[in-house]
Amino acid sequence: MKLETYDPTGYYDELFASKGEPRASAKPLIDWINTLQPGDLRRSQEAAQIALFKLGVTFNVYSDNEGIEKVFPFDIIPRIISAQDWKALEPGLRQRITALNLFLDDIYNEQRILNDGVVPRHIIESAPGFLKPCMGLKPPGGVWCHITGTDLVRDRDGQWYVLEDNLRVPSGISYVLENRRVLKSTFPSVFQTMAVQAIDDYPSHLLETLLSLAPDQLPNPTVAVLTPGIYNSAYYEHSFLAQQMGVELIEGRDLVVLDGYLQMRTTKGPRRVDVVYRRLDDIFLDPTAFNPDSLLGVPGLMDVYRAGRVALANAPGTGVADDKVVYAFVPEMIRYYLGEDPILPNVPTYLCWRDKDRDHVLQNLETLVVKSANEAGGYGMLVGSQSTAAERAEFAEKIQARPRNYIAQPILCLSQVPTLVGEGNEIAGRHVDLRPYILHRGDEVYVHPGGLTRVALKEGSLVVNSSQGGGAKDTWVLTD
Amino acid sequence: MLSRVANSIYWLNRYIERAENVARFIDVNLNLMLDLPSGVSQQWKPLVVTTGDIKFFEDRYGEATAENVIQFLTFDLEYPNSILSCLRFARENARSIREIISSEMWEEVNTFYHMVQEAAVNNGHHNVSNLFQQLFFHVKFASHRFAGVMDATMSHNEGWHFGQLGRLIERADKKARILDVKYYILLPSAQLVGTPLDQIQWIALLKSASAYEMYRKYQHRIIPASVAEFMILNREFPRSISFCVQEAERCLHQITGTPVGTWCNGAERSLGQLCAKLGYITIQDIIDNGLHEFLDGFQKELNAVDDQISATFFSLSPLVSELPMNRQVQTLTW
């Protein structure tokens, strides 16, 4: 197995500085891969994939009646982030989450940032994630978003950019932990020589974050993870997190509001629940407050929440900051609330509701990525350079019909990582992004070292979402 | 423990045990049919009759040939009590409580399901009777393995007791049905009672219940009344009906903390009554009143116990009447 012929020219490569020359941080790994026999990596990868399937580390792809389970495709060659690179990222992520949290608290209360005209009021009021029933809420400790997954990418020159923030129910951490477990058993010797930061304590940090939300004076608060059920695409993760924290995994049908408290039905009668890590979207939480058709949530939950008798993580209403138009204003939020310059830049973003931006977008569709403001999973987007004239015409129409709903960004040239491709032993560069997970406890913001590296397994593709044929890589953050 | 979780672990165990017993159930017939003298026509219809699902079967398959009946009971996903259906439900239940059970238990159920699922896909590509005999062997063994893994890797706490309860109740019910098959097989030809063939059939029955060796140690001769006594009333053999219900009663009282012999809810009361009845009846009483009638009555009473367990521990209706319930598939009679 030789990586000497691997040629990263033309892209920023996470493991190679140039052809045949690994980055210092990746050298021990590359040296080790070079000692392998052809087929070794492929065999390890297949064994890992089978192990994951047997463990049921799967996600569901929706079909007509039942979900089809799939193993999240997984590439055996890890992505490496040097200690130095990581140190540059961490404060940027902290700064961003801090500002976003202040923003959420502000728009659901005083709305200073809207009154001062820094963020246009109509943008917030037209955002589907802005929930009127949350006005006036004061979550415990003033924290709205306890768990965030922020997507980052690197451009051709290696510069990091924030692609988006996921403030509702970001998924993927279970795959991060399981992929690491698999890689540790595959490459034990490399781990011993490379000083990779351990990540197994995520569930402990998550549990502490959740416990910190419990009302004071409760000696033994009950924490639970709320899942939509076994057919949800991220069900594995919900059950994994509950299991790793040793807390209850509950569904809406287990819960009821009784005597002013949220209670779960047990074999010995109702029992209070104090903290809920909800993995349900806002509008499903309480049919009496939001979507009356939803059967997933708990009628009356919002009243209990408002009375401070149960804590929810993340707080309802955080989804407003997932809106890609609101995202464009995060640098302004950082300046406004913190009086600092943003450490991590946004990708330059054109907002189609601005006449000037829209004209520019419509004239340059071929060189831009157009994204719908409120869709996820790689849906509702147009990669200009890979589109047909008909697709561009279709998007032009959509943009003109609903300009508020679209943003556009220059097509970044995402960094790449050597990846096992095809059926054999060939290794080629594939584009990646990175989703670190950040926990906000009020007095402390914890950035989990690494995160989920998603890889576009199709040659040339820039779309890394699992629903679009993307896979994952283990992410190694090195210590000094 | 959450009611939903208790319900799921109870049914997880029932479904695994049910799959095993359906395999035993077909196996007993396969063995009986192999020992039939040539010229005597094979009987597969009684197997479906004892399940109580004969109408459903006839609508889908028509004639009760060996192939149809085995396909129906083994792989038919439209039929909720086929082995494959049972394992699918077992796996769904296990998946919904993965954070409660040990990961070894989950892996066991997952592998078990995939094993039968694969056999269903390959069905028709191989020598059928050979395939099925092997498959039933593996199903029985996987069920034992699951029980063993659960016993050895999960805390013997409330959840474990609910699981045991499910398994024991299912086992007692299916034991009654397996015994009943013998009754139905002999029904059309009463003159065969007491013949060498009759004896061979009782042996096949004992073997299918993995009871043959233990029976021989208990009572050397194959005497129909003794076989029935062993399978119904023996207090030491773990697959006898009496053993199962007494153990189930012990589990139930472990859950509530009420001493055995007293009761504090409908489940304890109805199971206690059933245990008392089995504790004081003799095989002669049973035979005098008819074995088939006894087995039929027993199944009805056991169903009543199951209803009481659901009402006492799992019922979701009093609190969330407007929301859909977690209905396990148990609409059919067995």
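As the structure is a computational prediction, the values presented were derived from the model and not from experiment.

With that settled, the discussion passes to the overall build of chain A. Helix and strand counts for chain A come out as 14 helices and 24 strands. Here chain A has a C-alpha radius of gyration of 23 Å; the compact-globule value for 480 residues is 23 Å, and the two agree. Here the C-alpha coordinates of chain A stretch approximately 70 × 60 × 50 Å along the principal axes. For chain A, with 480 residues in total, the buried portion stands at 58%. Long-range contacts, defined as pairs at least 24 residues apart, comprise 69% of the intrachain contacts of chain A with a sequence gap of at least 6. Side-chain charges in chain A split into 47 positive and 61 negative, and the spacing between the mean points of these groups amounts to 1 Å.

Residue and element names in this part refer to chain A. Across the sheet, 3 strands lie side by side as 10-11-12; this open sheet has antiparallel pairing. Of all the strands in the sheet, the pair left with one neighbour each is strand 10 (255-258) and strand 12 (269-272). Geometrically, the sheet is characterised by an average inter-axis angle of 45° between neighbouring strands, direction not taken into account. Alignment of strand 10 against strand 11 (residues 261-266), held across 4 bridges, turns out to be antiparallel. For Leu255, the partnering residue across the bridge sits in strand 11 and is Met264.

This paragraph deals with the confidence of the model for chain B. All names here are of chain B. Put simply, chain B has an average pLDDT of 87, and 90% of its residues get 70 or more. Per-residue pLDDT, averaged within each element of chain B, yields its smallest value for helix 9 (residues 196-208) (82) and its largest for helix 12 (residues 241-256) (96). Of the regions scoring below 50 in pLDDT, residues 317-334 engages in 49 contacts with residues more than four places distant in sequence or in other chains. We note a pTM of 0.87 for the whole complex and an ipTM of 0.78 for its interfaces.

So, about the pairing of strand 7 (residues 160-166) of chain A. Residues and elements named next belong to chain A. The element strand 7 is extensively covered by neighbouring structure, given that 6 of its 7 residues are classed as buried. Of the strand pairs in this sheet, strand 6 (residues 147-154) and strand 7 are connected by 6 bridges, and their pairing is antiparallel. Across the sheet, Arg154 pairs through a bridge with Trp160, a residue of strand 7. Counted between consecutive antiparallel strands, the loop separating strand 6 from strand 7 contains 5 residues, among which Gly158 sits at a positive phi close to 90°.

Take the side chain of Arg278 of chain A next. All names here are of chain A. Mapped onto the fold, Arg278 is located in strand 13 (residues 275-278). Side-chain polar atoms of Arg278 contact the side chain of Asp282, separated by 2.7 Å. A polar contact of 3.1 Å, which involves the side chain of Arg278, links it to the backbone oxygen of Ala315. Residues in contact with Arg278, not counting those within four places in the same chain, are Val169, Leu226, Leu285, Ala313, Asn314, Ala315, Pro316 and Thr318.

All names here are of chain B. The tally for this structure, following the rule as stated, stands at 3 cavities of 30 Å³ or more. Lining of the largest cavity is provided by Leu274, Lys277, Leu278, Phe294, Gly297, Phe298 and Glu301. Counting only elements with at least two residues in the lining of the largest cavity, the list comes to helix 13 (266-280) and helix 15 (291-314). With 4 residues, helix 15 is the largest single contributor of residues to the lining of the largest cavity. Of the residues belonging to the lining of the largest cavity, the class tally is 4 nonpolar, 1 polar and 2 charged.

Counting residues at the interface gives 32 residues for chain A, matched by 30 residues for chain B. Both faces considered, chain A and chain B share a buried interface measuring about 2,800 Å² in area, 50% of it formed by carbon and sulfur atoms. Among the residues chain A hides against chain B, the three largest losses belong to Arg253, Arg265 and Thr267 of chain A. Together they make up 27% of the total. Across the chain A-chain B interface, the total number found is 3 salt bridges. Where Arg4 of chain B meets Glu251 of chain A, a salt bridge forms, and the shortest distance between an N and an O atom there is 3.5 Å. Scanning the region where chain A abuts chain B turns up 14 residue pairs in polar contact (both at pLDDT 80 or more). Secondary structure elements with two or more residues in the side of chain A that touches chain B: helix 2 (40-55), helix 9 (235-245), strand 9 (248-250), strand 10 and strand 11 of chain A.

So, how was this worked out
- Residues numbered from 1 in each chain as written.
- Chains lettered and ligands numbered in written order.
- Predicted model: local features only at pLDDT ≥ 70, side-chain atom pairs only at ≥ 80, totals over all residues.
- Heavy atoms only, no water.
- Helix = DSSP H or I, 4+ residues; strand = E, 2+ residues; numbered from the N terminus.
- Rg over C-alpha atoms; globule rule 2.2 N^0.38 Å.
- Buried < 20%, exposed > 50% of the residue type's maximum accessible area, 1.4 Å probe, protein only.
- Contact = heavy atoms within 4.5 Å.
- Lys, Arg positive; Asp, Glu negative; His and termini not counted.
- Charge placed at Lys NZ, Arg CZ, Asp CG, Glu CD.
- Pairing = 2+ DSSP bridges.
- Axes fitted to C-alpha atoms, helices over the stretch in contact; angles between N-to-C directions.
- pLDDT = per-residue confidence, 0-100.
- Polar contact = N/O pair within 3.5 Å; in protein donor to acceptor, adjacent residues only side chain to side chain.
- 1 Å grid on protein atoms, 1.4 Å probe; cavity = no way out; pocket = protein on both sides within 12 Å on 5 of 7 lines; lining within 4 Å.
- Points joined across faces, edges and corners; volume = space filled by probe spheres on them.
- Nonpolar A, V, L, I, M, F, W, Y, C, P; charged D, E, K, R; others polar.
- Buried area = accessible area lost by both parts, 1.4 Å probe.
- Salt bridge = Lys/Arg side-chain N within 4 Å of Asp/Glu carboxyl O.

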